[in-house]
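In case you want the letters, here they are:
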Amino acid sequence: MKHHTVLRIVTKLIIPLILLFGLYIQFHGDYSAGGGFQAGVIIASGFILYNIIFGLEVGFSILSINMTKNLMAIGVLLYIAVGFMGIIQGLNFLEYNSLLSSSKEGQLLGIFLVELGVGLTVSNVMILIFYSFNNMGEKL
Amino acid sequence: MLYVLNMTLFLIGLFIIVRESNLIKKVIGLNIFQSSVFIFYILISKVEGGVPPIISADQSIYSNPLPHVLILTAIVVSIATTSLALALIIRIKDKYGTIEEDDIDLG
Amino acid sequence: MNQIPILIITLPLLLTPILLLIRKINIVYALTLIVSFINISLILALGAEVYNNGSIIYELGGWPAPIGIRLNADLLSCYFLTFINVISFLCLVSSKDIIKHQIHEDNIYLFYIAWLLCNIGFSGIVLTDDIFNLFVFLEISSLSSYFLISQANYKGTLLAAMQYLFIGSIGAVFILLAIGILYAHTGTLNMHDLAMKIGQAKFSESIVFALGLLLAGVGIKSALFPLHGWLIKTYAYAPSIVTTYFAGTSTKIGVYILLRVFLDILNSINPLEYYGLAQFILFISLLGVFLSTLYAVKQKEVKKMLAYSSVAQLGYIIIAIMLLIPDGLTASLIHVVNHSIIKTGLFLIIAVIFINNQNVIIEDLSGLGKKYPILMSCFFILGLGLIGLPITSGFISKWYIITAMLKSEYWYFTFIVLLTSFMTLSYVWVLIEKIYFATNDNDDAINNISIYQMFCIITLTVMTIYLGLETSLTSGIAENISNDFYGVTGK
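Conventions we followed
Residues numbered from 1 in each chain as written. Chains lettered and ligands numbered in written order. Predicted model: local features only at pLDDT ≥ 70, side-chain atom pairs only at ≥ 80, totals over all residues. Helix = DSSP H or I, 4+ residues; strand = E, 2+ residues; numbered from the N terminus. Rg over C-alpha atoms; globule rule 2.2 N^0.38 Å. Buried ≥ 20, exposed ≤ 12 C-beta atoms within 10 Å, placed from the backbone. Contact = placed C-beta atoms within 7 Å. Nonpolar A, V, L, I, M, F, W, Y, C, P; charged D, E, K, R; others polar. Core = buried A, V, L, I, M, F, W, Y, C linked by C-beta atoms within 7 Å. Pairing = 2+ DSSP bridges. pLDDT = per-residue confidence, 0-100.

1. A closer look at the overall build of chain C
Within chain C one finds 20 helices and 2 strands. Against the 2.2 N^0.38 benchmark of 23 Å for 491 residues, chain C shows a C-alpha radius of gyration of 22 Å, consistent with a compact globule. Taken over 491 residues, chain C has a buried fraction of 57%. For chain C, the proportion of contacts with a sequence separation of at least 24, taken over those separated by at least 6, is 79%.

What follows is the structure in structure tokens.
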């Protein structure tokens, strides 16, 4: 769809805004509406829009399928690592109080890291679903 | 009153899943069915005279934020189910050439 | 150590993304086996602790009861947890040679990841103390099972997976709506808290609606009689090792949810007696047992015959629960374990021998008695266990079920249970007659059964005989559990 001028120019203007909005929602999860899952979907939709307009090969050169799978795994690992931090220090799973000096800072850091992990995983899952629906029949 | 509308949506979704023979329409019916349950959760979380549950300085009555979190989890589950169903439909189309359940010939 | 309940769930969950990063089949397989084995040892330690000292409660994130999510490992949970993970481990050990032939090579690491996720889902359902967490783990296990079932390349696989997906999702949404209604009436999601508050809640028709929805949802998951249609197609068209795994575990999880919700959480309003639900389910399950056994006799394909047999045995379990006396609950818990071991053994023998066959029909079994003597004697013993002959564990469970029925004075139902046991004899005899007394003219090559698969099958057979002779593991623990449930009113 690269030859549609209007689509191309509007996409180039809008995609940075979409990604910025996604980041805003990611980091404001504990303060207002938002959180990891919503942000992941918004960031993925920005990337998918870029792929639709400019072609799948450009998308593959930025974020290959292997990279997507790796990032997915890293997101889940981040979540579970934060959970295990509590167990290592003797408290329960996902207890954020032990992460930093005071209990309140520990909670904030814990929520931040956990939402980061969730956002990373969800955005890569959505992008991988988009890739696999476009590769239908071929090997992933 | 809103609950009655919600249950109507519930039954419409269930009817679509049961009666339609096109697989994509069944997936749409499944989505309507699941969405009606999400709307039910939001309906029960409204507090009389409450504002959305975001802390602000001059409000004191907030709606219950717990069902919102439950719905978030359930929406993720619904998306995963829908994407799995669509992936299966793509494979069925590759294998049998049709996505009408009545026309699929297993013989 | 008091971190064990969460380690049972999160240790495999830690392994899953690592397996996604490493994509070599051998390393993936080895790590899966190691973690499954560690899981079993953790569960045995947990079981010993709970048996001696009472249930263990674990709070996630340190948050106290009604606010946070808790894990509750009591005797019922440990009972189910043990046999589910042991069956999973045995199926994984035997799976290496079978999978190479049935699943595309690039997908094998995804297969093991989905298997681990399904197991995490089952463990989570059994351990959790929060009813919404139950729904989440139920969906985790259901989604991975939809994936696992669709991996075969048999003729009806994709359509069977699609139908299972729709029916499973409908059941899950019913359970979700019921959870919402119960939450609206009591304001809490914790199971212990809910049990206290539901008794004090003002009566309203929506609670009756929620009970109906719960019954329908749980019935779909545990294949109660009219809702069992998905089971037949799923068992017949899944990869054979997946059928082996699900035959012993997925419907038993439905039975666990039934027990936990109807006998534990809703104990104070006691819906089974009050609304006559127990009588209703009892009649329908009897009809179901009779009809499924009849269908099993008529079948020509072996996997479908064993699937109908599973529906019938599940009917026995539900009937024993619905008698609403402690002996009934004991009988059903004993039969849960015994039937899982027997069915897993039967399906495993079929899976190990017929690696490449599309649908195993009865004629394919001819002459196997000479080719695989050890395996077929195991098949014979497991078949006797299915009928319920003495020395096998099937006899113990049938005995307990019949004595429970006689205690609650359902005389004519006992007659139907005995009649269906005879009909079970007839279809098992059809299989055994083909194996030992029919000759096969074509000379198919004998499969190399590896030592690990032989070990798994012999373990299951030996467990059947052992549990038929020395029942302290099953009936001792089951009696403890049913005394806990029925001894003190309002647990």
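2. Details of the overall build of chain A
Helix and strand counts for chain A stand at 5 helices and 0 strands. Its C-alpha atoms put chain A at 60 × 35 × 20 Å along the principal axes. The burial tally for chain A puts 34% of its 140 residues in the buried class. Look at the contacts in chain A between residues 6 or more apart in sequence, and 63% of them connect residues 24 or more apart.

3. Re the interface of chain C and chain B
Opposite the 22 residues of chain C that make contact, chain B presents 24 residues. For the side of chain C that touches chain B, the elements supplying multiple residues, two or more each, are α5 (131-149) and α6 (157-186) of chain C. The element best represented in the side of chain C that touches chain B is α6 of chain C, accounting for 13 residues. For the side of chain C that touches chain B, the residue count by class is 16 nonpolar, 4 polar and 2 charged.

4. Structural notes on the nonpolar core
All names here are of chain C. Of all hydrophobic cores here, the largest spans 224 residues; its most connected members are A178 and I349. Sorting elements by how many residues they give to this core places α6 first, with 20 residues. I349 has contacts with L375, C378, F379 and I457, leaving out every residue within four places of it along the chain.

5. Things to note about the pairing of strand β2 (residues 70-73) of chain C
Residue and element names in this part refer to chain C. Side-chain alternation along β2 places R70 and N72 on one buried face and L71 and A73 on a second face that is also buried. Two elements, strand β1 (residues 56-59) and β2, share 4 bridges in a ladder whose sense is antiparallel. From the neighbouring strand, I57 faces β2, where its bridge partner is N72.

6. Points about unusual backbone geometry
In this structure, A223 of chain C takes a positive phi of about 55 degrees despite not being glycine. For A223 of chain C, a count of 26 C-beta atoms within 10 Å puts it in the buried group.

7. Brief notes about the environment of N51 of chain A
Residue and element names in this part refer to chain A. For N51, the position within the fold is in helix α2 (residues 36-54). The buried category is assigned to N51, around which 20 C-beta atoms lie within 10 Å. Excluding anything up to four places from it in sequence, N51 contacts L56, G59 and F130.

8. Notes on the confidence of the model for chain C
Predicted coordinates in regions of low pLDDT should not be interpreted in detail. Model confidence for chain C is summarised by a mean pLDDT of 87, while 98% of its residues fall at 70 or above. Here the complex is predicted with pTM 0.93, and the ipTM for its interfaces comes to 0.94.

9. A short note on helix α9 (residues 229-237) of chain C
Burial runs high along α9 of chain C: 7 of the 9 residues are buried. For α9 of chain C, the set of buried residues is W230, L231, I232, T234, Y235, A236 and Y237 of chain C.

10. Focus on the environment of V37 of chain B
Note that V37 of chain B resides in helix α2 (residues 23-44). Each C-alpha atom, one on V37 of chain B and one on R91 of chain B, is 29 Å from the other, the two residues being 54 residues apart in sequence. Excluding its chain neighbours within four sequence positions, the residues that come into contact with V37 of chain B are V173, L176, L177 and G180 of chain C.

11. A few points about the environment of F47 of chain A
Here F47 of chain A is to be found in helix α2. On a C-alpha basis, the gap between F47 of chain A and Y79 of chain A in space is 23 Å, while along the polypeptide they are 32 residues apart.

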